[in-house]
Amino acid sequence: MLRAFRIGIVLLCFVWCAPIVTAQPAEQTSPLSVKQIMQDPATWVGDWPENVRWHENGETLYFDWNPTGKFPSDSLYKVSRDGGEPQKVSPQERRSNPPTFGGWRHGEHVYTENYRRKVYAADGDLYLYNRRTETQTRLTDTRARESGPRFDPDGERVIFQRNGDLFALTLSSGLVRQLTDLRPGSEPQEEEPTAQEKFLKEQQTALFETLKKQSEKQEKAEAAAKRDRQADDPPPTFHYGDGQLQQLRLSPSERFATFSVEKEPPEAEQTVVADYVTLSGFTKTLEARPKVGIPPETFALYVQDLKRDTTYEVDLHQLPGAYDVPQYLKEKGVEQDSSEAKRALYSYGPYWSPDGEHAVLVVRADDNKDRWIVRLDPETGDLTVLDRQHDDAWIGGPGIGSYGGPGTVGWMPDGNRFYFQSEATGWSHLYTVNVETGETTQLTSGTFEVSDPHLSRDGATWTFTSTEHSPHERHVYRMPADGGERVRLTAEAGMYNATVSPDGERLGLLYEFTNAPPEVYLQNATQQASKTRITRSTTEEWASYDWRDPKIVRFEASDGVPVPMQIFRPDTPNGAAVLFVHGAGYLQNVVKGWTPYFREYMFHNMLTDLGYTVVNVDYRGSAGYGRDWRTAIYRHMGGRDLQDYVDVSGYLADEYGIGPERQFIYGGSYGGFMTLMGLFTAPDAFGGGAALRSVTDWAHYNEVYTSNILNHPQTDSIAYARSSPIYHAEGLEDPLLMPHGLADTNVHAQDIFRLTQRLIELGKTDWELAIYPVEGHGFEEPSSWTDEYRRILELIRTSVGPEDR
């Protein structure tokens, strides 16, 4: 009886004491699959066009397109400026290298003064195009590679480069004359005779008349040969050592040749990567890049005065600020006269004015904290500063460049003003400076960025792309050359990449939207004119799915700053979220455009079908939001940028009731790094993650990217330690997947192997390493993409998804 009573109590408790459980919805499904999404995009999505450019006559628009997916090497198409059906360019026309328009490029003399003729290089040979008769003439057909052609001021000769020297081709006669004689190595030195040799020669000529006459005859022949060479006026010979000859240029007057010599330091040891799955069956060694912290390469800018037969090096360190100590080193007590204070400087140019009266250089410091625009006196080597941009973090932004280079620069048609872009106001804008007076004029202004500016043929107007309408779109604008009212030419929301016809009246466009890859359009270059679609690239199968246009919102971060975010919200939420982190650091992904992450975009549509909320954040450090946004990660990657993701985790909890344990974070490259930092340093904000091809230790990444943000590991070790996931791996608490290509020459597999060993030694267990033997940094094989994202989807389901609840 007692036993029966106890059973009755248990049964009663089971019936009456069971907790009330809310019924879970049935598992949601999607018409999409990982295998379908990750197949070859050319056959699944469709091969979209790229590289739009005008024929020099402005009557035809060319673009690369492979709509059938069969012949990528024969994929050149064209369409009339008036529109119509695109036509495939015949192999004969394609191989003839038709001239394409690249902007008027005032001061570069690729056109004759009356714009009747143009000279250009294609496939290593030179061509002449008569714009009036629309005829093309091939000027060279050689095994040597000719490049950089331009006309002399009279339009009678073509100046070009071949085998590291400058030449002039006279169009009327075909005569080619060498203008420079620059040779690697050292100048050969004649050995001085020893005292014994000198005595014996003098003795022989004194004793034997025959030998004396032979010696005098030889000396006369050598003197005559020297006079003949001087009469032919050969260019002076200069031996530039064992560096690499770069930037060879000639002034319009042909008096001054300029060139730089660059040499990598011996300490710049190249790293190697092993490729195991090869056609030969033998392991292949792939050469990769040095690691951050190498000494700068040596750089020297030379001016050769062909009139005076002299060559000298320009002293770039005469510039004010050349020896300034970076702020982070000042904080450590480094003084200006120390060995650490001298910075390597590099120059680009010179850029000669159309009349040849002025030469301008762009000079940058190796630590990328200074850029000078200076006037060069080619006779003396003196430099006059026209503009200096300094940043305690690093110089960058559209039209400026974060990794060196001259940026957007050139001459106004008057030959007195030089244009450039600068972040002096915190946003990249267009400026001019008068090279004689030093007066600077800002042409555009506002809390937006300008990129890709081009002047019209008459120099009266600018055409450029801007974020003025919205930071999430790119529109085409036109503006007077001296600044003023900006007229928006494109109307529909989205991203535009435009090329202006030579006459300035038509736009060739690549237009894209969030859920539509780029297509070619034509429109008039007038205010918000309607555009005409030329190409249709997407397949019927791909277009049959209703691809989402996720809403762009801003959430308030913990420092009070509104941060932009794309959000995919399902019709029937399953209570979980996926947080995607874009890569590259300085890249923008919250846009109304077709981003490089189109596979991830399709994956996010599938996840939304399955009930997941998906977000994508333009965290601090992303492109498109000005200087302060870009440099917010200086000396601490995984700091403010990661905090934006921690804050969005809280936003999802507050707004949608999705707790941190139901949030999965993932991304590749920099996004993989951010995922690791999130799971290692903020585990309470996330429930799991996947770190794809991720940097695990910044001291093992490359020089040019890393040193901008973290300086050098030997001078700023604190920045590297707090920014590198490998130092924080003990914080891992949630499931982690780490896929990596074994043949990755960008973020080496060594990176992930070192972290793997660290996790092993720390005794961590809830992690998985997935290696892809044939893949580099950007996966190519659909099978690899499929396997990688199958693993990601499975981990999402088991770590934060409904099957785990």
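Rules used throughout
Residues numbered from 1 in each chain as written. Predicted model: local features only at pLDDT ≥ 70, side-chain atom pairs only at ≥ 80, totals over all residues. Heavy atoms only, no water. Pairing = 2+ DSSP bridges. Helix = DSSP H or I, 4+ residues; strand = E, 2+ residues; numbered from the N terminus. Axes fitted to C-alpha atoms, helices over the stretch in contact; angles between N-to-C directions. Salt bridge = Lys/Arg side-chain N within 4 Å of Asp/Glu carboxyl O. Buried < 20%, exposed > 50% of the residue type's maximum accessible area, 1.4 Å probe, protein only. Patch = residues over 30% accessible without salt bridge, like charges linked within 9 Å, V, L, I, M, F, W, Y side chains within 5 Å. Areas by Shrake-Rupley, 256 points an atom, 1.4 Å probe, with all protein chains shown as cover. Lys, Arg positive; Asp, Glu negative; His and termini not counted. Charge placed at Lys NZ, Arg CZ, Asp CG, Glu CD. Contact = heavy atoms within 4.5 Å. Expected span 1.5 Å × (residues − 1). Polar contact = N/O pair within 3.5 Å; in protein donor to acceptor, adjacent residues only side chain to side chain. Phe/Tyr/Trp six-rings, centres within 6.5 Å; stacked < 30°, edge-to-face > 60°. Lys NZ or Arg CZ within 6 Å of the ring centre and 35° of its normal.

Caption draft 1: Layout of the sheet that holds strand β38 (residues 577–581). Taken together, 8 strands build an open sheet; the order of strands is β36-β37-β39-β38-β40-β41-β42-β43 and the sheet is mixed. The sheet terminates laterally at β36 (551–556) and β43 (767–772), the two strands that pair on one side only. For this sheet the average axis-to-axis angle between neighbouring strands, irrespective of direction, equals 20°. In terms of strand pairing, strand β41 (residues 688–692) meets strand β42 (residues 736–741) through 2 bridges, oriented parallel. Within β42, the residue paired with Gly689 across the bridge is Leu736.

Caption draft 2: Focus on the sheet that holds strand β10 (residues 165–170). Ordered by their spatial adjacency, 4 strands build an open sheet running β8-β9-β10-β11, and the pairing between neighbours is antiparallel. Strands at the two margins of the open sheet, each flanked by one partner only, are β8 (146–151) and β11 (176–178). This sheet shows a mean twist of 25° between the axes of neighbouring strands, independent of strand direction. Pairing geometry for β10 and β11, over 3 bridges, is antiparallel.

Caption draft 3: Focus on the pattern of salt bridges. Overall, the coordinates contain 42 salt bridges when judged by the stated rule. A salt bridge links Glu379 to Arg255, with the nearest nitrogen and oxygen atoms 3.7 Å apart. On the criterion of sequence distance, the pair formed by Glu379 in the loop between β22 (370–376) and β23 (383–390) and Arg255 in the loop between β14 (244–250) and β15 (256–263) is long-range, its members being 124 residues apart. Relative accessible area serves as the criterion here: at 19%, Arg255 is assigned to the buried category. Among the ionic pairs, Asp644 bridges to Arg620, the shortest N-O distance being 2.8 Å. Here Asp644 is found in helix α11 (residues 640–656), whereas its partner Arg620 is found in the loop between β39 (613–617) and α10 (627–630), with 24 residues between them in sequence. With respect to burial, Asp644 and Arg620 carry one shared label: buried. One salt-bridge network, held together by shared partners, links Asp324, Arg343, Asp367, Asp370 and Arg388.

Caption draft 4: Layout of a negative patch on the surface. On the surface, Glu190, Glu192, Glu209, Glu216, Glu219 and Glu222 cluster together into a negatively charged patch. Relative to the elements of secondary structure, Glu190 occurs in the loop between β12 (181–183) and α5 (195–207). Taking the relative accessible area as the measure of exposure, Glu190 reaches 77% and is therefore exposed.

Caption draft 5: Highlighting the environment of Ile752. You can see Ile752 is positioned in helix α15 (residues 749–762). Judged by relative accessible area, Ile752 falls into the buried class, the value being 0%. On a C-alpha basis, the gap between Ile752 and Ala721 in space is 17 Å, while along the polypeptide they are 31 residues apart. Once you skip the residues sitting within four places of it in the chain, Ile752 turns out to touch Ser694, Thr696, Met738, His740, Leu769 and Ile771.

Caption draft 6: Highlighting helix α16 (residues 782–799). A rise of 1.5 Å per residue sets the reference length of α16, with its 18 residues, at 26 Å; its end C-alpha atoms lie 25 Å apart and thus fit the reference within 8%. Among the residues of α16, Ser784, Trp785, Thr786, Glu788, Tyr789, Ile792, Leu793, Leu795, Ile796 and Ser799 are the ones counted as buried.

Caption draft 7: Geometry of the environment of Arg375. Among the structural elements, Arg375 can be located in strand β22. Between the C-alpha atom of Arg375 and that of Val435, which follows or precedes it by 60 residues, the distance is 6.8 Å. Ignoring any residue separated from it by four or fewer positions in sequence, one finds Arg375 in contact with His358, Ala359, Asp382, Leu383, Thr384, Leu386, Val435 and Glu436. Separated by 2.4 Å, the side chain of Arg375 and the backbone oxygen of Val435 make a polar contact.

Caption draft 8: Fine view of the packing of aromatic side chains. Scanning all chains against the criterion turns up 52 aromatic pairs. Aromatic pair Phe580 and Tyr597: ring centres 5.2 Å apart, planes at 70°, arrangement edge-to-face. Placement of the pair is Phe580 in strand β38 and Tyr597 in the loop between β38 and α9 (598–609), with a sequence separation of 17 residues. The residues Phe580 and Tyr597 share a single accessibility class, namely buried. A ring pair is formed by Trp594 and Tyr601, whose centres lie 6.1 Å apart and whose planes are at 65°; its orientation type is edge-to-face. Per residue, the accessibility class of Trp594 equals that of Tyr601, and both read buried. Following the ring pairs from residue to residue traces out a cluster consisting of Trp44, Trp48, Trp542, Tyr545, Trp547, Phe568, Trp594, Phe598 and Tyr601. Cation over ring: Arg457 sits above Trp104, and NZ or CZ is 5.6 Å from the ring centre.

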